[in-house]
Amino acid sequence: MKKQLSLISVFFVFLAMGFGDAAGQLVSVVEKAFNVTPFTASLVSLSGMIMFGVLSVPTGVWQSKIGKKKMLTIGLILFLAGAVLPILAFNFPIILLAVLLMGAGATILQVSGNPLIRDVSEEGKYSSMLSFAQSLKAIGTLSTSLILVLIGTSLMKYGWFSFTPEGGETIDMGFRILFPIFAVVLLITLVMVVVFVPSNVSKSDEKPTTLGNCIRALGNPFILMMFLAIFFYCGAEASMFNRIPSILSENTSVTPAMGNIVLIISLFVGRFLGGVILQKMSAKKFLGITVAVSIIGNLLLFLPYNAFTTWLSFILIGIGFANIFPLIFSICVDHKPEMSNEISGLMTTAIVGAAIVPLFTGAMAGVGIRYAFIVPLCCLVYLCFVTARVSKNAEC
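A brief structural summary. Keep in mind that this is a model prediction, so the values were computed, not measured.

Across its full length, the protein chain carries 17 helices and two strands. Counting across all 396 residues of the protein chain, residues that qualify as buried make up 54%. Here the analysis covers contacts within the protein chain between residues at least 6 apart in sequence; of these, 80% occur between residues at least 24 apart. Surface summary for the protein chain: the accessible area is close to 16700 Å², and the carbon and sulfur share equals 69%.

Put into structure tokens, the structure is as follows:
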């Protein structure tokens, strides 16, 4: 029973991680709410994303000294502080600071939560449980969109979280409702982690991690290959979320956000199914299937616009992308379990690919929206190479 409660508590952590994706969804609403330039509004997304590059490796180092539970608790406290700030005061600098703290918290949760799933899971069930956990993260991400669309809009109709400047248009502040909801869920999660997750849950005799160890870990060809796999995967996923709405806005009257909602729902379904499939199938074999599905979905985007193929591509991309991160992560940790802290820090650092790769996608989009999808396709080609090496159980 204690083991199950520990696992459920860590699952709640992954649900909270999904709230960290809120930053990218807030850019457009913050721009209108505070009447700032698009570039200034983009700082909201950057302030959260930058934490993955800054904190991931130091978190892995510190985690090896104080333990995963304490590190997880620190991450939840930082995340909770970020959610509470906009409740106490509400302006653009406060939003930037709040997202920065939430990004720091989400980074720590990623570094600690991913290997902790291995510690609280049954032997041989790591990949499956990590996919289930990532499906909960997708629910957290999806809930942000749904809260903005359903609750925030409804409250605005009744005059809540909105105001109308003299002689101006009504400004939507519905996104303020996100923060108290985040705060409540994070507080519940914090209590569960403190009460139910044991302090010492490590299954292996992990050596203390240092910055030098993390740097040297990248000298291992296998770990470097998997680090780049996460980097390019996250870049491809972010590129899809950034550019898929453009296809809808160019060709239909459908709200562009629907494209992302379909992607997120597909991610959730894919991760849930992945957790079931991985009970029977090896992670290495399933990785090849998910990459293949992703490539098919990507290739459909190059066809002339057709409603059926376009929506099918969104679904295939979501389902295909769903399990790539947990599969790569779990395969790498299972390959070197004694280096789980180093690997976790490095793999979470690689998430900055979501900030770098889309720059190239955006440059290609200037030529034409279809050309933009060449960039994520190239990322997926690299993942094909990784799949081939992993399937041979290469000891690099």
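What follows covers helix α1 (residues 2-19). Compared with an ideal rise of 1.5 Å per residue, which puts 18 residues at 26 Å, α1 spans 27 Å between its outermost C-alpha atoms and is within 8% of the ideal. Residues of α1 that are buried: Ser6, Leu7, Ser9, Val10, Phe11, Val13, Phe14, Ala16, Met17, Gly18 and Phe19.

Following both chains from N to C, one finds helix α11 (residues 283-300) and helix α17 (residues 374-391) inclined at 160°, their axes separated by 10 Å at the closest point. Judged by the inter-axis angle, α11 sits roughly antiparallel to α17. Considering the relative orientation of α11 and α17, their crossing is left-handed. Note on element contacts: α17 touches α11 through Pro376, Leu377, Leu380, Leu383, Cys384, Thr387 and Val390, opposite Lys284, Leu287, Gly288, Val291, Ser294, Ile295, Asn298 and Leu299. Grouping the constituent residues of the contact of α11 with α17 by class yields ten nonpolar, four polar and one charged.

As for its placement among the helices and strands, Ser294 is situated in helix α11. With a relative accessible area of 0%, Ser294 lands in the buried category. Residues Ser294 and Leu377, 83 residues apart in the sequence, show an inter-C-alpha distance of 8.9 Å. Not counting chain neighbours up to four residues away, the residues in contact with Ser294 comprise Ile317, Gly320, Phe321, Ile324 and Leu380. Within the structure, Ser294 has its side chain in polar contact with the backbone oxygen of Gly320 (distance 3.3 Å).

This paragraph deals with the packing of aromatic side chains. Using the criterion set out here, one finds ten aromatic pairs in the structure. Look at Tyr233 and Phe321: their rings are 5.7 Å apart centre to centre, the planes differ by 70°, and that puts the pair in the edge-to-face class. Of this pair, Tyr233 sits in helix α9 (residues 221-251) while Phe321 is found in helix α12 (residues 307-321), placing the two residues 88 residues apart along the sequence. Look at Tyr233 and you get buried, because its relative accessible area is 2%. According to the relative accessible area criterion, Phe321 is buried, its value standing at 2%.

By secondary structure assignment, the location of Gly275 is in helix α10 (residues 257-277). Judged by relative accessible area, which is 0%, Gly275 ranks as buried. C-alpha of Gly275 to C-alpha of Met129: the two residues are 146 residues apart in sequence and 6.2 Å apart in space. Apart from residues lying up to four places away in sequence, Gly275 is in contact with Ser128, Ser131 and Phe132.

All right, on to the nonpolar core then. Counting 111 residues, the largest nonpolar core has Phe34, Ile117, Phe175, Met226 and Phe321 as the members making the most contacts within it. Take this core: its biggest share by element is 16 residues, from α9. Residues in contact with Met226, not counting those within four places in the same chain, are Ile328, Ile331, Cys332, Met347, Val386 and Val390.

With that settled, the discussion passes to the packing of helix α5 (residues 92-120) against helix α13 (residues 324-335). In the contact formed by α5 and α13, the axes pass within 11 Å of each other and the chain directions differ by 65°. If you check the angle between α5 and α13, you find them roughly perpendicular. Note on packing geometry: the crossing formed by α5 with α13 is right-handed. Two secondary-structure elements touch here, α5 through Gln110, Asn114, Pro115 and Arg118 and α13 through Phe325, Phe329, Val333 and Asp334. Classifying every residue of the contact of α5 with α13 gives four nonpolar, two polar and two charged.

A few words on α11. Across its 18 residues, α11 extends 26 Å between first and last C-alpha, which sits within 8% of the 26 Å expected from 1.5 Å per residue. Ala283, Phe286, Leu287, Thr290, Val291, Ser294, Ile295, Gly297, Asn298 and Leu300 are the residues of α11 that are buried.

Before going further, it helps to examine the side chain of Gln110. Inspection of the secondary structure assignment puts Gln110 in helix α5. With a relative accessible area of 6%, Gln110 lands in the buried category. Residues within four places of Gln110 in sequence aside, it is in contact with Met17, Phe52, Pro115, Lys137, Phe325, Ser344, Thr348 and Ile351.

By the definition in use, this model includes two salt bridges. Close ionic contact of Lys68 with Asp119 constitutes a salt bridge, the shortest N to O distance being 3.0 Å. Placement of Lys68 in helix α4 (residues 68-88) and of Asp119 in helix α5 is noted, with a sequence separation of 51 residues between them. An identical accessibility class is assigned to Lys68 and Asp119; each is buried.

About the cut-offs
Residues numbered from 1 in each chain as written. Predicted model: local features only at pLDDT ≥ 70, side-chain atom pairs only at ≥ 80, totals over all residues. Heavy atoms only, no water. Helix = DSSP H or I, 4+ residues; strand = E, 2+ residues; numbered from the N terminus. Buried < 20%, exposed > 50% of the residue type's maximum accessible area, 1.4 Å probe, protein only. Contact = heavy atoms within 4.5 Å. Areas by Shrake-Rupley, 256 points an atom, 1.4 Å probe, with all protein chains shown as cover. Expected span 1.5 Å × (residues − 1). Axes fitted to C-alpha atoms, helices over the stretch in contact; angles between N-to-C directions. Parallel < 35°, antiparallel > 145°, perpendicular 65-115°, else oblique. Left-handed = near helix turned anticlockwise from the far one by under 90°. Nonpolar A, V, L, I, M, F, W, Y, C, P; charged D, E, K, R; others polar. Polar contact = N/O pair within 3.5 Å; in protein donor to acceptor, adjacent residues only side chain to side chain. Phe/Tyr/Trp six-rings, centres within 6.5 Å; stacked < 30°, edge-to-face > 60°. Core = buried A, V, L, I, M, F, W, Y, C linked by side-chain atoms within 4.5 Å. Salt bridge = Lys/Arg side-chain N within 4 Å of Asp/Glu carboxyl O.

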